[in-house]
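Architecture and fold: a report
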Amino acid sequence: MSRPSRRARLRWTVLLGLLASAAVATEAAGSRAHTARTTDLDAPPPPTAEAAPSTDRAADAPLDLPAGFIGPALPRDITGGAPAATLTDAALFAWRDFLALNWPAAAGARGKARVDAPLDGGALGDDAGGLPATRVWSTFKARVETYPGQGDPFAPGAADYGAQAPPRYIYGPDAGDDPAHPGRITPCDRTADRLAVPWHNLDEPNHNNLRAGLSPEAPFPGQQVLLETKINPVGYRYVAERGWYGARSIRKAYRRTGDFIRRERRAPEPGSTDDQGRAYVVFPDQSMMLKAGWRRLGAQDDPARFLIERVRYYEPRGDGVCYRDSDPAGVGGDQAGGGNARDHWGLLAFHITHKTPSAPYFIWATFEHVDALVRNRPAGSPVETLETPAGGRTRPVERVYTPALEVVAAATKDSEQHVRVRGSDPAPAGQALYFIQEARHGVPGVERVAVEARLFETPAEIRAVNRAVQARLAAAYPASPLSHYRLVSVQWVPVDKPVPGRPYTDGAVDPAVYYAANVVLEPQPVHQAFSGQFIAGFTLASDFLHQDLIFLNPRPNPGKPVFLNTFYQGRGYLAGGCMGCHGSRQAYGTDWSFTLYRGRVMAPETKP
């Protein structure tokens, strides 16, 4: 696609500005006129936010957002139901989720918004040092809060299973080095904590060894992108009240559930049981799980463009780990939480999964910061803008990575996927995202693979929604960093791959929707174009059942020899992207959740 002329871009800027300004007064005034109360998932969305376009629009057609589109109430479902929705409908729903999740949080009420505050208002308190308010999603339970390494996730006798308790991160008894408090990780400098425990517990390194060239190389963890997983109060209560965080075994329940799903080719109804009264694993309506990727900001980053909050991260020490707490406002002094005054960590990537009445398979949306994907040369220049995508609809994999990678799919049930490298020289050091490809399962090791583009261009319908929402945000809330984030893809219905073992190119949805992925959270080519199931850790994938490790295959296998990973209304699907990856957990009975399947978090994960 050719780049628009300067005059065309100017016309777009003026047009978007006029469209946005028409709604700014209503938007901003409405957001500041809320009464002093809180809202959660039980509250209905504002009436003005109900309308959504019924049909997709042309790539460059301006999109009108309804007044009140930006609000603190999480939408309960896509207007008209997910199965009947268009890509535009789904994109609007995803943005409403993103905005409501990033509303200032109510004090002392986890998972609830302070609706009397505007989107860009509120403060953390006396120890905040002027930082923006904590966001609603920040207060969701961390992975280790829901699945502690030992004991219960709540204090004895705690009301509501401790859903409103302040954060505490307790790992397995062998994880910490404080004999008086087994499982509690100590600070790296052993100074007393001067600030509250951060809401963001980054105890997962990027599973693809992703680094950000724009981050400083020191101190630890250098250029690593660190991750966290969160669950909302609805999902947390479901796990806690059943003891499925580790107090009671879930093995029989998920096997029973998986057998039902693959036999009936649909999920059990929430709260249902088998003929012997034994429960199935089905998260309730309005359950949400989140995955976020963060990186330390560097000298070339503008902190005003990023969502910044205090985070806790871990580094190796001896045979164990210690933690450091960032202190971006510098209010705790140089020793606060481990000597990290003025340490800015910015949100780089964000996955949202949201179960709704019409989408029992969850709605999957993924966002990135607009500066996530940059080139090595010219230094730090953006790969794509909202007005001008980076290339064609689908790019050959060898054009996406440096050095060039080649992926050979497992075309039949008896073949294996292969990843090859054209040349052995790593990418030069620069500012682009890059990952360290480890040599395993026949994949050659490469010290540095630069991510030069995304494999599948963001669809035009999503770009149109991004432009409209960003223009509205920039006009109504110019101080908010949220206008510097973009929706990359969204999956709202299961989609089948027509030909197993071959790339999805033409079908019911755009390939970027079928293969919904995030260059930060899923940078490698196997993950950018995932379908079926992983067959060698997270290194290789296949559309087919295991041929060697037959005992790992679920029985019955309704798609044999194809691995069907998603089931809905009596039909099995060979799904791809986020839905397909987590769909393998539906097929095995844990209702799309890897964290429920894995259970207790015994220790923070770190990489050198």
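Placed above this text is the structure.
Residues numbered from 1 in each chain as written. Predicted model: local features only at pLDDT ≥ 70, side-chain atom pairs only at ≥ 80, totals over all residues. Heavy atoms only, no water.

Description of the overall build of the chain
- Within the chain, the regular secondary structure consists of 10 helices and 22 strands.
- Of all 608 residues assigned to the chain, the portion counted as buried reaches 59%.
- Counting contacts in the chain only where the partners sit at least 6 residues apart, residues at least 24 apart contribute 70% of the total.
- Accessible surface, the chain as shown: approximately 24,000 Å² in total, 52% of it carbon and sulfur. (Helix = DSSP H or I, 4+ residues; strand = E, 2+ residues; numbered from the N terminus. Buried < 20%, exposed > 50% of the residue type's maximum accessible area, 1.4 Å probe, protein only. Contact = heavy atoms within 4.5 Å. Areas by Shrake-Rupley, 256 points an atom, 1.4 Å probe, with all protein chains shown as cover.)

Let's talk about the pairing of strand 19 (residues 533–536)
- Pairing analysis gives 3 bridges linking strand 19 to strand 20 (residues 540–542), with the strands arranged antiparallel. Residue pairing in the sheet places Phe534 in a bridge with Ala541 of strand 20.
- A loop of 3 residues connects strand 19 with strand 20, the two strands running antiparallel in sequence, and Gly537 in this loop sits at a positive phi of about 60°. (Pairing = 2+ DSSP bridges.)

Thoughts on helix 2 (residues 87–101)
- When the terminal C-alpha atoms of helix 2 are compared, their 21 Å separation across 15 residues agrees well with the 21 Å that a helix rising 1.5 Å per residue should span.
- Along helix 2, 15 of the 15 residues are buried, which leaves the element largely enclosed by surrounding structure. (Expected span 1.5 Å × (residues − 1).)

Side note on the state of the cysteines
- For the coordinates displayed, the defined rule picks out 1 disulfide.
- Disulfide pairing is shown between Cys188 and Cys322; the S-S distance is 2.1 Å. One quick way to see it: the torsion about the S-S bond of Cys188 and Cys322 is about 90°, and its sign makes the bridge right-handed. Pair noted here: Cys188 is in the loop between helix 3 (143–146) and strand 4 (200–202) and Cys322 is in strand 10 (residues 320–325), with a separation of 134 residues, a long-range link. Across the pair, exposure class does not vary: Cys188 and Cys322 are buried alike. (Disulfide = S-S within 2.5 Å.)

Regarding the packing of helix 5 (residues 251–264) against helix 9 (residues 577–588)
- Between helix 5 and helix 9, the shortest axis-to-axis distance is 6 Å and the interhelical angle comes to 100°. Considered as vectors, helix 5 and helix 9 are oriented roughly perpendicular to each other. Between helix 5, through Tyr254, Gly258, Ile261 and Arg262, and helix 9, the contact on the second element is made entirely by Gln586, Ala587 and Tyr588. (Axes fitted to C-alpha atoms, helices over the stretch in contact; angles between N-to-C directions. Parallel < 35°, antiparallel > 145°, perpendicular 65-115°, else oblique.)

Examining the pattern of salt bridges
- Under the counting rule described, the total for this entry stands at 27 salt bridges.
- A salt bridge links Asp160 to Arg237, with the nearest nitrogen and oxygen atoms 2.9 Å apart. Of this pair, Asp160 sits in the loop between helix 3 and strand 4 while Arg237 sits in helix 4 (residues 233–242); the two residues are 77 residues apart in sequence, bridging distant segments of the chain.
- Residue class for Asp160 comes out partly exposed when judged on its relative accessible area of 36%. (Salt bridge = Lys/Arg side-chain N within 4 Å of Asp/Glu carboxyl O.)

Observations regarding the packing of aromatic side chains
- Under the definition given, this model contains 26 aromatic pairs.
- Relative to Phe367, the ring of Trp95 lies with its centre 5.1 Å away and its plane at 85°, an arrangement referred to as edge-to-face. Highlighted residues: Trp95 in helix 2 and Phe367 in strand 12 (residues 359–369), separated in sequence by 272 residues. The burial state of Trp95 is the same as that of Phe367; both residues are buried. (Phe/Tyr/Trp six-rings, centres within 6.5 Å; stacked < 30°, edge-to-face > 60°.)

Notes on the sheet that holds strand 4
- The strand order across the open sheet formed by 3 strands is 4-9-10, and the pairing between neighbours is mixed. A strand with exactly one partner marks an edge of an open sheet, and here the two such strands are strand 4 and strand 10. On average, adjacent strands in this sheet sit at an angle of 30° to one another, irrespective of strand direction.
- Pairing analysis gives 3 bridges linking strand 4 to strand 9 (residues 311–317), with the strands arranged parallel. Of the residues in strand 9, the one forming a bridge with His200 is Val311.

A word on a nonpolar patch on the surface
- Where nonpolar side chains cluster on the molecular surface, the patch consists of Leu549, Phe551 and Leu552 and spans about 300 Å² of accessible area.
- Its place among the elements puts Leu549 in the loop between strand 20 and strand 21 (566–568).
- Look at Leu549 and you get partly exposed, because its relative accessible area is 38%. (Patch = residues over 30% accessible without salt bridge, like charges linked within 9 Å, V, L, I, M, F, W, Y side chains within 5 Å.)

Observations concerning the nonpolar core
- Ranked by internal contacts, the top residues of the largest apolar core, which has 138 residues, are Trp95, Leu99, Phe350, Trp492 and Val520.
- A total of 11 residues in this core trace back to one element, the largest contributor, which is helix 2.
- Excluding anything up to four places from it in sequence, Phe350 contacts Phe98, Leu101, Trp137, Leu290, Lys291, Ala292, Ala365, Thr366, Phe367 and Asn518.
- Within the second largest apolar cluster, 10 residues are counted, among which are Val526, Ala536, Leu540 and Ala541. (Core = buried A, V, L, I, M, F, W, Y, C linked by side-chain atoms within 4.5 Å.)

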